[in-house]
Amino acid sequence: MCYERLHLMKTPFRFSSRALLLAGVLGLFFVSFGQEAVPVSGLATSQLLKQARGLLENRKAAEAVSFLEEVLVRLQEMDDPQSVKARMTARYQLGLCRLEAGQYEQAADDFRQFIKDFPGHESVSEARFLTLDALAWLEDSAPIRAYIGELEQSGELDRLLSVLGEKNDTTRHAVLSLLSAYAKTADFEGFQRFLPFCDEDALSDIGLNLALMDGGDLAVEQGEYLTALQLYRKVRVCSELLAGYDRRLAALQAELKIPLPWVPVAQRSAQLAQRAADTNRLARMTAERADLEKKNYDQDLMVRMAQCCDAMGRHWNAYVLYKHLYTEFPDGRSAERSRYSAFQCLAALEELPRAKEEAAAYLELYPAGRYRDAVTLGLMQIHLRLNDLAAAETLGQALREQDPIHRYVDQVVYLLGYVQFQLQNYEAALELFRETASAWPDRIYAEESVYWQGMCSLFLGRYAEAADVFEGYLADAGRGPKEFEEDVLYRLGMARYGLEEYETAKEIFLRFPEQFPGSDLCSEAFSMLGDLYGADGELDRALTHYRRARECAVNAEQESYAVFQSAQVYDLQDRHADLIALMQDYLDERGTAGDFAKATLRMCGSLRALGENEKALDAICEAAVLFGNIPHSEQADLLFADLLDEVRDPLRGGVTAGELIERLGPARTGAAADESRRALALRLTALFAGISDPPNEYSEALLAEENLEMFTPLPLRVFAEAAAARGDMDRVQQALDCFIEKYAESDGALVMSNIQIRLLMAAGRMEEALALAQQSLARYPDDPAAAQTHMLAADALRLAGQYERAAGMYSDLLAVREWRGPLTPQALYWTGVCAREQGLVEQACAWFQRVYVLYQQYPEWTAKAYAASADCLKILGRHDDVVRTWREMVADPDILRTPEGRQAEAELEKLKETVR
């Protein structure tokens, strides 16, 4: 952590003479003397003492030192009471003289010698205090702190504290010096100990406050951020110090305006000297105040405090301080740095939107600032985390163009490669990763770039190239330890699998769990082994590896893959009971965390395969009620969609609408209290609306809902169908808009578009319907509902009279194997209609005959094809064939129940009457 040093003048308080203060305490009564200079060696001892007294009174303490030293030498060996008393007085007075003369170390030695020689004297306590005062003037704080330690050990500290409690200039300076000493050495405990003895004037001393900042800096260097913060918090801001200066200056100015009182001639010199000293002090304090105002350290102090908070992980506190700095001092020396640091704090707090705003503001204010590169890099990373790939790419490209060789260029290039990878532009990503690894082989992302090169090649299907990269990485002796070794080995197995080197892939996947037994990828390696053995027909070995994959799965996705692959094997082995047990165990263990819909449907499929249709219906109804209360769950919708098909699909026909409503109706009636219950009620309402003939009470209940926020794909779909049945285009559009906003990537997106297409067709707006169908097919080409959309596009062309184009689209639909099913007889029938409308009657008749010959399982379309075929035969004049066609129709009970069957029956009756 870097701190800027301050250069303010540090000057302690100027106090009155200690000699004059303490002379009365010692009882030293000396008479006045003349001013003639007399050699020290020629004076009597009593005269030496008198001379020292006079010099002290005239503020000439340094000159008095030699007189007192001479006294001590003369009385050194004398033990009579008068000599001892004189020696005691001289030793004490010598300490005072040296203290006044600025000889602080020697003064402390004198006072400590006095205490040692005269331990019972009544002035020992004052001598200890004066020792402390002398040491306090030293630049080095170690002696005073050591002395405090000695006093504490000897038990004399409490007596000293009683002296410090007396508020006067001398005690104030001693306390101030003590506090400064502890502050400078970052001894906050010691500082706190003596803080109660410090008055307001002392707390406003610039020297003390700068000592606190120095101590805070020292604590930071030592990594003691809490101590540093505690010291910084004791620092008075400049406005407080200036107020203290103003108060003391006003008091001193008022004192200097008072005329000097009368004093005897002998004291006048000392009085004038004191007045001159006070005048000098006024000038010095005025200059100090101006210097403090000019060199305001508030910003530096706040930066220090913010950096301490940041270092301690208190990022929000740091952010608030940084924001205050750049807000209150927008042009200050710390503004740019504070904006950058504020951005870093927000990023550390995961406040990504705010961090993005801070970074953008910095780059706008300081486009060529000191931290531009770091902010740009950080902002790119935030855009990536917010999945705003375009913004990250724009930012990185702009920085590369602006400054191709900045200090973070390697990281920016790497991130640009990562952006391209996420956009699936693997070629572009590959080039950027290659550049990162080759241009900056010793930088932070060099190794990672090699890994991503292999991944790009893997996703591009260049399996040999990927394998070479991965094997080169693993064989590189210069890399150690290899950060991506685990993932690379697994990906190497995938590359070998892609190369169809299945035995080699098996060896790698078998080796992987042994080499990395605790890896999160172990489950996937076992699943790959299951796939490999399953493809070889070794189904039991496949099941063994899928079981191991389930055992070491670290998430629901891994377990789900292994479970459903096992289910596929059980299907191949016709082990439906085992499959049912597996699905039930999976549901019990994973519940809503797993793919509960798929598990339920697989289990029901096996129950039906065993002829247990009623149990299958029970299972899916139970799951619908159990999981249908999950708001916004598309999985839960799949269960209800299956129940919808159970009634709607004529090939299933497992239950009637009335039976299903009777079975599930109570669950809907009792579900409306909270969000979960409302979700279940809404799904059940949609289900009942979808299986009942419109209009019905359930569809009316759906359409009564104005707020579609709670609607999931299935209720939205049924809502749209109900609105379309009413011809309410606005409500269909409302459902579609809601669907696109919330479920644009859902499998049901195309179903919603199909509903809107049908409504447009019903309104005769064929061109719009065709355009929407083509747009939807382009947007959702792999959607399961694409076949229906394709059919609707062909229908729109047919209804618009474009029969040739329509027939071509029907033919395209028939060519897609995956689309075969209920739409096939429809496509054949409408192809016949197109041919008939173009006058190709025999060709049309052939298309109709294909329908009722090949697709009798679809009675509705079989009946239509029979009737259309009979019409064609009439046109062709083939009366006998017409009659035969009608007889075939009435012979089939399913056909006879249709409108076309009843019409054929009526025609045959007419024919009988004609014959009679």
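Residues numbered from 1 in each chain as written. Predicted model: local features only at pLDDT ≥ 70, side-chain atom pairs only at ≥ 80, totals over all residues. Heavy atoms only, no water.

Peer 1: Whenever I open this one, the overall build of the chain confuses me. Can you help?
Peer 2: When you go through the chain residue by residue, the secondary structure sums to 49 helices and zero strands. At 49 Å, the chain has a C-alpha radius of gyration far larger than the 29 Å of a compact globule built from 916 residues. Taken along the three principal axes of its C-alpha coordinates, the chain extends 175 × 65 × 55 Å. Relative to its 916 residues, the chain shows a buried fraction of 50%. (Helix = DSSP H or I, 4+ residues; strand = E, 2+ residues; numbered from the N terminus. Rg over C-alpha atoms; globule rule 2.2 N^0.38 Å. Buried < 20%, exposed > 50% of the residue type's maximum accessible area, 1.4 Å probe, protein only.)

Peer 1: Any chance you could explain the packing of helix H42 (residues 786-799) against helix H44 (residues 823-837) here in plain terms?
Peer 2: How two helices pack is summed up by the angle between their axes together with the distance between the axes. Interhelical geometry of H42 versus H44 gives an angle of 15 degrees and a closest axis separation of 11 Å. Here H42 is positioned roughly parallel relative to H44, judged by the angle of their axes. The way H42 lies across H44 gives a crossing that is left-handed. In contact with Ala787, Gln788, Met791, Asp795 and Arg798 of H42, H44 contributes Leu823, Gln826, Ala827, Trp830, Val833 and Cys834. Per-class residue counts for the contact of H42 with H44 are seven nonpolar, two polar and two charged. (Axes fitted to C-alpha atoms, helices over the stretch in contact; angles between N-to-C directions. Parallel < 35°, antiparallel > 145°, perpendicular 65-115°, else oblique. Left-handed = near helix turned anticlockwise from the far one by under 90°. Contact = heavy atoms within 4.5 Å. Nonpolar A, V, L, I, M, F, W, Y, C, P; charged D, E, K, R; others polar.)

Peer 1: What's the story with the environment of Glu507 in this structure? I'm lost.
Peer 2: Within the secondary structure layout, Glu507 lies in helix H27 (residues 502-515). For Glu507, a relative accessible area of 54% corresponds to the exposed category. Separated by 405 residues in the primary sequence, Glu507 and Gly102 have C-alpha atoms spaced 86 Å apart.

Peer 1: Is there a simple way to explain the nonpolar core in this structure?
Peer 2: By size, the foremost hydrophobic cluster in this structure holds 230 residues, and its most contacted members are Leu164, Phe194 and Tyr297. In this structure, Phe194 is in contact with Ile148, Leu157, Leu161, Leu164, Val175, Leu178, Leu179 and Tyr182, ignoring residues within four places of it in sequence. Core analysis: the second largest hydrophobic core is formed by 52 residues, Met809, Phe848, Tyr852 and Ala904 among them. (Core = buried A, V, L, I, M, F, W, Y, C linked by side-chain atoms within 4.5 Å.)

Peer 1: Sorry if this is basic, but what is going on with the state of the cysteines here?
Peer 2: When the sulfur atoms of two cysteines share a covalent bond, that bond is a disulfide. For the structure shown, the criterion picks out zero disulfides. The thiol sulfur of Cys522 is not disulfide-bonded, and the nearest other cysteine sulfur, from Cys552, lies at 5.4 Å. A relative accessible area of 3% means that Cys522 is categorised as buried. (Disulfide = S-S within 2.5 Å.)

Peer 1: What am I meant to see in the environment of Val124 here?
Peer 2: Mapped onto the fold, Val124 is located in helix H6 (residues 124-136). Overall, the relative accessible area of 5% leaves Val124 in the buried class. Each C-alpha atom, one on Val124 and one on Arg112, is 9.2 Å from the other, the two residues being twelve residues apart in sequence. Residues in contact with Val124, not counting those within four places in the same chain, are Phe114, Ile115, Phe118 and Pro119.

Peer 1: I'm lost on a negative patch on the surface in this one. Help?
Peer 2: Taken together, the side chains of Asp674, Glu675, Glu709, Asp737 and Glu741 define an acidic patch exposed on the protein surface. Mapped onto the secondary structure, Glu709 falls in the loop between helix H37 (697-703) and helix H38 (713-726). (Patch = residues over 30% accessible without salt bridge, like charges linked within 9 Å, V, L, I, M, F, W, Y side chains within 5 Å. Areas by Shrake-Rupley, 256 points an atom, 1.4 Å probe, with all protein chains shown as cover. Salt bridge = Lys/Arg side-chain N within 4 Å of Asp/Glu carboxyl O. Lys, Arg positive; Asp, Glu negative; His and termini not counted. Charge placed at Lys NZ, Arg CZ, Asp CG, Glu CD.)

Peer 1: For this particular structure, what's the right way to read unusual backbone geometry?
Peer 2: Note: most peptide bonds trans; most residues except glycine with negative phi. Of note, the phi angle at Glu350 is positive, near 65 degrees, even though the residue is not glycine. Structurally, the position occupied by Glu350 is in the loop between helix H18 (335-348) and helix H19 (352-365). Here Glu350 falls in the partly exposed class, since its relative accessible area comes to 45%. In this structure, Asn387 takes a positive phi of about 60 degrees despite not being glycine.

Peer 1: Is there a simple way to explain the pattern of salt bridges in this structure?
Peer 2: Pairs can form between side chains of opposite charge once their charged atoms are near each other. The full count for this structure, using the stated rule, is 48 salt bridges. Among the salt bridges present, the one from Arg385 reaches Glu350, with a minimum N-O distance of 2.4 Å. Taken together, the positions of Arg385 in helix H20 (residues 372-385) and Glu350 in the loop between H18 and H19 put the pair 35 residues apart, joining distant regions of the chain. If you follow the salt bridges from partner to partner, you end up with Glu427, Glu431, Arg434, Arg462 and Glu465 in one network.

Peer 1: Can you walk me through the packing of helix H46 (residues 859-875) against helix H47 (residues 879-891) in this structure?
Peer 2: Contact geometry for H46 and H47: axes closest at 9 Å, N-to-C directions at 165 degrees. Taken as axis vectors, H46 and H47 run roughly antiparallel relative to one another. Every pair of crossing elements has a handedness; the one defined by H46 and H47 is left-handed. Of H47, the residues touching H46 (which contributes Ala863, Tyr866, Ala867, Ala870, Leu873 and Lys874) are Asp881, Val882, Thr885, Trp886, Glu888 and Met889.

Peer 1: Looking at this structure, I do not really get helix H33 (residues 613-627). What am I missing?
Peer 2: Side chains that are three or four residues apart share a direction in an α-helix, a result of its 3.6 residues per turn. Here H33 contains 15 residues, and its C-alpha end-to-end distance of 21 Å stays within 8% of the 21 Å for a straight helix at 1.5 Å per residue. Three or more residues of H33 are buried, namely Ala616, Leu617, Ala619, Ile620, Cys621, Ala623, Ala624 and Phe627. Its buried side turned inward, H33 meets helix H31 (576-590), helix H32 (596-609), helix H34 (634-648), helix H35 (657-669) and helix H36 (675-691). (Expected span 1.5 Å × (residues − 1).)

Peer 1: Where do I start with the packing of aromatic side chains in this structure?
Peer 2: The description of an aromatic ring pair uses the distance of the two centres, along with the angle that the planes make with each other. For the structure shown, the criterion picks out 32 aromatic pairs. Ring plane angle 80 degrees and centroid distance 4.9 Å describe the contact between Tyr92 and Phe114, whose orientation is recorded as edge-to-face. Separated by 22 residues along the polypeptide, Tyr92 in helix H4 (residues 81-101) and Phe114 in helix H5 (residues 104-117) bring together distant segments of the chain. With a centroid separation of 4.0 Å and 10 degrees between ring planes, the pair formed by Tyr414 and Tyr445 is classed as stacked. Of this pair, Tyr414 sits in helix H22 (residues 409-422) while Tyr445 sits in the loop between helix H23 (426-439) and helix H24 (446-459), and the two are 31 residues apart along the sequence. Its relative accessible area of 15% is what places Tyr445 among the buried residues. One aromatic cluster is present, formed by Tyr414, Tyr418, Phe421, Tyr426, Phe433, Tyr445, Tyr451, Trp452, Phe459 and Phe484 through successive ring pairs. The ring of Tyr326 has Arg339 sitting right over it, with the charged end atom 3.9 Å from the ring centre. Looking at Lys864, its charged tip hangs above the ring of Trp861, at a distance of 5.7 Å from the centre. (Phe/Tyr/Trp six-rings, centres within 6.5 Å; stacked < 30°, edge-to-face > 60°. Lys NZ or Arg CZ within 6 Å of the ring centre and 35° of its normal.)

Peer 1: It is not clear to me how the side chain of Asn209 should be interpreted in this structure. Could you clarify?
Peer 2: Secondary-structure assignment places Asn209 in helix H12 (residues 206-221). In this structure the side chain of Asn209 is engaged in a polar contact, spanning 3.1 Å, whose partner is the backbone oxygen of Leu203. In this view, Asn209 contacts Leu203, Ser204, Lys234, Val235, Arg236, Leu241 and Tyr297; residues no more than four positions away in its chain are not counted. (Polar contact = N/O pair within 3.5 Å; in protein donor to acceptor, adjacent residues only side chain to side chain.)

Peer 1: Can you help me understand the confidence of the model for the chain in this one?
Peer 2: Regions with low pLDDT carry predicted coordinates that are not meant to be interpreted in detail. With 93% of its residues at a pLDDT of 70 or more, the chain shows a mean pLDDT of 86. Within the model, the stretch residues 1-37 combines pLDDT values under 50 with 92 contacts to residues more than four positions away or in other chains. (pLDDT = per-residue confidence, 0-100.)

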